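Working through the structure, step by step
Okay, here's what each chain looks like letter by letter:
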Amino acid sequence: MSMRQLLGAEDCDNQFTTQECDGVVYSRITASVLAVIGCSFIIGMIVLFKTYHNYGQRLILNLTIAAILNTVPYFMGHQHDGTTCTFQGFTVTWFNWNVLIWVLCITHKLGLNILYEKAGEQWERVYHVLGWGVGLILAVIPLTMDMYGPSGVWCWIKENEENTTALRFGIWYVPLWIAIIALFIANFSIIRNVQKRERRWEGTYNPDTQAEKEFLRSQVTPIKWYPLVYTVCMIFPTINRIQNAAHPDSPIFPLLLLHSISSPLQGLINSVIYAYNTDAATWRQCTPAGIQRAIRFRKGGSGGEFPSAPLTKNMVGRSMSNDSDESDSEIVDSDQRVRSI
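What counts and what doesn't
- Residues numbered from 1 in each chain as written.
- Predicted model: local features only at pLDDT ≥ 70, side-chain atom pairs only at ≥ 80, totals over all residues.
- Heavy atoms only, no water.
- Salt bridge = Lys/Arg side-chain N within 4 Å of Asp/Glu carboxyl O.
- Helix = DSSP H or I, 4+ residues; strand = E, 2+ residues; numbered from the N terminus.
- Buried < 20%, exposed > 50% of the residue type's maximum accessible area, 1.4 Å probe, protein only.
- Phe/Tyr/Trp six-rings, centres within 6.5 Å; stacked < 30°, edge-to-face > 60°.
- 1 Å grid on protein atoms, 1.4 Å probe; cavity = no way out; pocket = protein on both sides within 12 Å on 5 of 7 lines; lining within 4 Å.
- Points joined across faces, edges and corners; volume = space filled by probe spheres on them.
- Axes fitted to C-alpha atoms, helices over the stretch in contact; angles between N-to-C directions.
- Left-handed = near helix turned anticlockwise from the far one by under 90°.
- Contact = heavy atoms within 4.5 Å.
- Nonpolar A, V, L, I, M, F, W, Y, C, P; charged D, E, K, R; others polar.

All right, on to the pattern of salt bridges then. Per the stated rule, a full pass over the model turns up three salt bridges. Across the salt bridge formed by Glu121 and Arg58, the nearest N and O atoms sit 3.6 Å from each other. Placement of the pair is Glu121 in the loop between helix H6 (82-115) and helix H7 (124-144) and Arg58 in helix H4 (residues 55-69), with a sequence separation of 63 residues. In this structure, Glu121 and Arg58 share a single accessibility class: buried. Glu124 serves as the salt-bridge partner of Arg58, at 2.8 Å between the closest nitrogen and oxygen. With Arg58 in helix H4 and Glu124 in helix H7, the pair connects residues that are 66 residues apart, well separated along the chain. Taken together, the salt bridges that share partners define one network made up of Arg58, Glu121 and Glu124.

The geometry of an aromatic ring pair comes down to the distance between the two centres and the angle between the two planes. Enumeration according to the criterion identifies eleven aromatic pairs in this entry. Arranged with centres 5.9 Å apart and planes meeting at 5°, the rings of Phe41 and Trp283 form a pair that is stacked. Here Trp283 lies in helix H13 (residues 280-285) and Phe41 lies in helix H3 (residues 18-48), a separation of 242 residues in the sequence. On the basis of relative accessibility, which here comes to 26%, the residue Phe41 falls in the partly exposed class. A network of ring pairs unites the aromatic residues Trp97, Trp156, Phe169, Trp172 and Tyr173 as a single cluster.

In this section: empty space enclosed by the protein. One pass over the full model with this rule turns up three cavities of 30 Å³ or more. In this model, the largest cavity occupies a volume close to 130 Å³. Contributing to the lining of the largest cavity are 13 residues, with Val92, Asn96, Trp172, Tyr173 and His259 lying nearest its centre. Of all the secondary structure elements, the ones that give two or more residues to the lining of the largest cavity are H6, strand S2 (154-157), helix H8 (164-201) and helix H10 (225-246).

Take the packing of H3 against helix H12 (residues 266-276) next. Pairs of packed helices are described in terms of their axes, by the angle between the two and the distance that separates them. The interhelical angle for the contact between H3 and H12, taken along N-to-C directions, is 35°, at an axis separation of 7 Å. Remark: the crossing between H3 and H12 carries left-handed chirality. Across from Leu34, Ala35, Gly38, Cys39, Phe41, Ile42, Met45 and Ile46 in H3, the residues of H12 making contact are Gly267, Leu268, Asn270, Ser271, Tyr274 and Ala275. Across the contact of H3 with H12, the residue classes break down as ten nonpolar, four polar and no charged.

See the structure below:
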């Protein structure tokens, strides 16, 4: 099998020039590789410095795992073999839903922290059921209808079938944009709540109030970018599929190219956000000597995170809900070294 066949460029030749097909396929692979590198960076940082003891960091870890899984279908060639094509289409649906659900879970966790002043750790098992289960159930629906097949440069829900448009938009694009609108409404409410608190605190000084203010800022600042990044990454796939539905025999190359690049790229952009929100103290530990110390610390079986100057409960303000001593500790466990969501 030639490289063009393996990567799916040969089938693309039916609608575009050879050069255009090569551009789509290699751009897709490049974006996927960059996403894997970015996701690996996040996972490495969280595991190496044991920030997974922090509840928020565990949610970021799950989102990152979902994002790295989401690149798997884009590394697969577009072959017309029934089993391979069906598997690729199935994983496209499943893994895309996983990423979306974990973004929603992270936003829900943030709302509990800010709007209701609760740690919300009891939701973690529910998040796992939703984060990995909802997409699996929805991915089975086209499978039972035998609707996975060739769909442009890769396999997804078959083109030019009677139920193609209804299934594509009903199982993915309509729920996707309902979820995105909900994300922005939720984040607007969260940010407005924080701004009201900050205005209330103006002109006064209290150590507990200042600590709570800083805690709220550290909670909102990192998380507010994740829904935006997700929305931007979904714009071109949505536009491309709308165009496909309106003119199934006349695909537009720039839209297909942007679709191919933006779909797997979220993992890379998330890693940039994560790096930006990682403070200087952690970066100073990312030296060969610092990494060796962290590895020795892990091998030593010591509990907790890589040694740093952890925050205390009083430093995040007494107004935070005290669901349990353990839950409060989870919120603040690594907030100084890596700002949690």
